[in-house]
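# Summary of structural features
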Amino acid sequence: MKFKLIALFITLCLGFTGCSDDETPEPRPTRTILVYMMANNSLDSYAAKNIASMVEGATAKNLNGGNLIVYYAPKGSNPELLQIKEENGIVNKFHIKDYEKQNSADPSVMLSVIKEVISLYPADSYGLDLWSHGTAWLPSDYQNMLKAFGQDGSNWLEIDDLAKGLPDHVFDFILFDACYMASVECTYELRNKADYILASPTETMADGWPYAQMMPQLFATDLQLEKVGETFYNYYLNDSYPYATVSLTKTSELENLKNAVHDILADKTESDIYGINLSEMQQLEYLYRSPGMLYDMADYIKQLATAEQYSNFTDCLEKAVLYKAHTPKAYYAYGYPSNALPVNSYCGLTVFVPQPKQSFSKIFDWYKERVSWYKAVYE
């Protein structure tokens, strides 16, 4: 009898062990990437092409067990949430849910979508692709054509609003599929939102980033953001419109960069800054032709720093900007005298240069009041 009880006990234990093995949870995905696509604007047709490119590249092998999620806010219909993945050997987009009509350029809406996606698709790491129009930090109330970042109909996000729409210390990276977002003002404003920011300091061609080619790099276990930047650059270098600028910023290094710039500006007067010769700097924005508002950051600092200060600045800049590339020319929709203009100086980040021009007084007041970079380096 005792033998039978022992045998029964062993059998039960083996049975429980087997049941436990069957219920072992699947491994947690390495990465979830959310593409937050505000396409209720002139880019709507390009959004569909970009989603098709994502479908082309999102094989099970390329996604590496990760999740590719798209919040799609198109023109003419309500936003929806999609997952792009391979099932039964075929990659397709799968409808997750519909949203009621909402303003996708509202920071509270953006934050709620991000939290929902993180809850639905938990992973070891997260990436964010912000897709829409962009004009760096430039405020929408200065001119209607400026959108800061993102456009949903007649709504857009100012740069400080965008910061409010993003949780702190969640994303490994933010990729901007938008124009002009590699400015030091933007990266500094978002320094607590992601470890890395991949963006263009000039205009991005409407075709956007080459998602089919980028997918394995974005979902590699060892995230390959420099290679993503190279893929973007090479894609346009060999294109019929060979125009691309790109940079990768490590946000943890921006504090040292800020300190270096603050030291340079500490004893500079308004007259010193207004006296800079703009024609000697690389302009990287032609929204209003000349004078411009966004210039190569290193060109600006070079005119104000001593040799020792500039050396310290460039050391900090090299640690902050891990990768940068540009084609010989950059494209500007409002360029003059040509849409394609030479890039002679390029450090990877743009900066606003304060100017005495009366028509700039409103934008400069906004800059001083709303942009963290101004407060960090000028005050």
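Conventions used here
Residues numbered from 1 in each chain as written. Predicted model: local features only at pLDDT ≥ 70, side-chain atom pairs only at ≥ 80, totals over all residues. Heavy atoms only, no water. Helix = DSSP H or I, 4+ residues; strand = E, 2+ residues; numbered from the N terminus. Buried < 20%, exposed > 50% of the residue type's maximum accessible area, 1.4 Å probe, protein only. Contact = heavy atoms within 4.5 Å. Lys, Arg positive; Asp, Glu negative; His and termini not counted. Charge placed at Lys NZ, Arg CZ, Asp CG, Glu CD. Core = buried A, V, L, I, M, F, W, Y, C linked by side-chain atoms within 4.5 Å. Domains from an automatic or database assignment. Pairing = 2+ DSSP bridges. Right-handed = clockwise from strand over helix to strand, strands pointing away. Phe/Tyr/Trp six-rings, centres within 6.5 Å; stacked < 30°, edge-to-face > 60°. Axes fitted to C-alpha atoms, helices over the stretch in contact; angles between N-to-C directions. Buried area = accessible area lost by both parts, 1.4 Å probe. Salt bridge = Lys/Arg side-chain N within 4 Å of Asp/Glu carboxyl O. Polar contact = N/O pair within 3.5 Å; in protein donor to acceptor, adjacent residues only side chain to side chain. Nonpolar A, V, L, I, M, F, W, Y, C, P; charged D, E, K, R; others polar.

As recorded in an unreviewed UniProt entry, the chain goes by the name Clostripain, listed as coming from Parabacteroides acidifaciens.

Our focus in this paragraph is the overall build of the chain. The secondary structure content of the chain amounts to 14 helices and 15 strands. Burial statistics for the chain: of 379 residues in total, 54% are counted as buried. Sequence separation of at least 24 residues holds for 70% of the intrachain contacts in the chain that already meet a minimum separation of 6. With 30 positive and 48 negative side-chain charges, the chain shows a spacing of 2 Å between the two charge centroids.

One finds Trp137, Leu162, Phe176, Leu257, Met297, Tyr300 and Trp373 to be the most contacted residues of the largest nonpolar core, which totals 90 residues. Take this core: its biggest share by element is 6 residues, from helix α9 (residues 254-265). Each of domain 1 (31-251) and domain 2 (256-321 + 329-378) contributes no fewer than three residues to this core. The contact partners of methionine 297, leaving out residues within four places of it in the chain, are Val184, Leu257, Val261, Phe313, Cys347, Leu349, Thr350, Val351 and Trp373.

Below, the discussion takes up the environment of leucine 190. For leucine 190, the location among the structural elements is in the loop between α6 (184-189) and β9 (194-199). Since its relative accessible area comes to 0%, leucine 190 is described here as buried. With 16 residues separating them in the primary sequence, leucine 190 and isoleucine 174 have C-alpha atoms 9.3 Å apart. Discounting chain neighbours no more than four positions away, the residues touching leucine 190 are Leu162, Ala163, Leu166, Phe176 and Ile197.

Next up on the list: the pairing of β9. Where strand β8 (residues 171-177) meets β9, 4 bridges bridge the pair, whose relative direction is parallel. Considered in β9, the bridge of phenylalanine 173 is made with tyrosine 196. Tracing the backbone out of β8, into α6 and back to the parallel element β9 gives a crossover that is right-handed. Note: β9 against strand β10 (residues 245-250), 4 bridges, orientation antiparallel. Pairing of leucine 198 across the sheet is with leucine 248, part of β10.

This next bit is on the packing of aromatic side chains. Counted according to the given criterion, the structure contains 20 aromatic pairs. Pairing phenylalanine 232 with tyrosine 236 gives two aromatic rings, centres 5.3 Å apart and planes at 65°, and the pair type is edge-to-face. With phenylalanine 232 and tyrosine 236 both in helix α8 (residues 225-237) and 4 residues apart, this pair spans about one turn of that helix. The burial state of phenylalanine 232 is the same as that of tyrosine 236; both residues are buried. On the numbers, 6.1 Å between centres and 85° between planes, the contact of phenylalanine 364 with tyrosine 374 is edge-to-face. Of this pair, phenylalanine 364 sits in helix α13 (residues 361-370) while tyrosine 374 sits in helix α14 (residues 372-378); the two residues are 10 residues apart in sequence, bridging distant segments of the chain. Both residues of the pair, phenylalanine 364 and tyrosine 374, count as buried. Among the aromatic residues, ring-to-ring pairing joins Trp137, Phe352, Phe364, Trp366, Tyr367, Tyr374 and Tyr378 into one connected group.

To continue, consider the sheet that holds strand β4 (residues 90-98). Strand order in the open sheet formed by 9 strands is β4-β3-β2-β1-β5-β8-β9-β10-β12, with mixed pairing between adjacent strands. Whereas interior strands pair on both sides, the edge strands pair on one side only; in this sheet they are β4 and β12 (321-326). Averaged over all pairs of adjacent strands, the angle between their axes in this sheet comes to 15°, without regard to strand direction. Across 5 bridges, the pairing between strand β2 (residues 67-73) and strand β3 (residues 80-87) is antiparallel. Of the residues in β3, the one forming a bridge with leucine 68 is isoleucine 84. Against the sheet, α8 contacts β8, β9, β10 and β12, and its axis sits at roughly 10° relative to β12.

Once that is clear, we can look at the domain arrangement of the chain. Many structure descriptions define interface size as the accessible area lost when the parts assemble. Each assigned domain of the chain is listed with its residue range as follows: domain 1 (31-251) and domain 2 (256-321 + 329-378). Taken together, the contacts link 36 residues of domain 1 with 37 residues of domain 2. Taken together, both faces of the contact between domain 1 and domain 2 bury some 3200 Å²; the carbon and sulfur share is 66%. For the pair domain 1 and domain 2, the number of links is 1 salt bridge. A salt bridge links arginine 370 to aspartate 160; the nearest nitrogen and oxygen atoms lie 2.5 Å apart. Here domain 1 and domain 2 share 10 residue pairs in polar contact (both at pLDDT 80 or more) between them. Those elements giving two or more residues to the side of domain 1 that touches domain 2 turn out to be α5 (159-164), α6 and β10. Broken down by element, the residue count for the side of domain 1 that touches domain 2 peaks at 6 residues, all from β10. Grouping the amino acids of the side of domain 1 that touches domain 2 by side-chain chemistry returns 19 nonpolar, 8 polar and 9 charged.

Now for the pattern of salt bridges. Inspection of every chain in the model, using the stated rule, returns 9 salt bridges. With a shortest N-O distance of 2.9 Å, lysine 97 and glutamate 116 are connected by a salt bridge. Here glutamate 116 lies in helix α4 (residues 107-120) and lysine 97 lies in strand β4, a separation of 19 residues in the sequence. On the basis of relative accessible area, lysine 97 is assigned to the partly exposed category, the value being 27%. A salt bridge links lysine 268 to aspartate 267, with the nearest nitrogen and oxygen atoms 2.9 Å apart. Aspartate 267 sits in the exposed class, given a relative accessible area of 57%.

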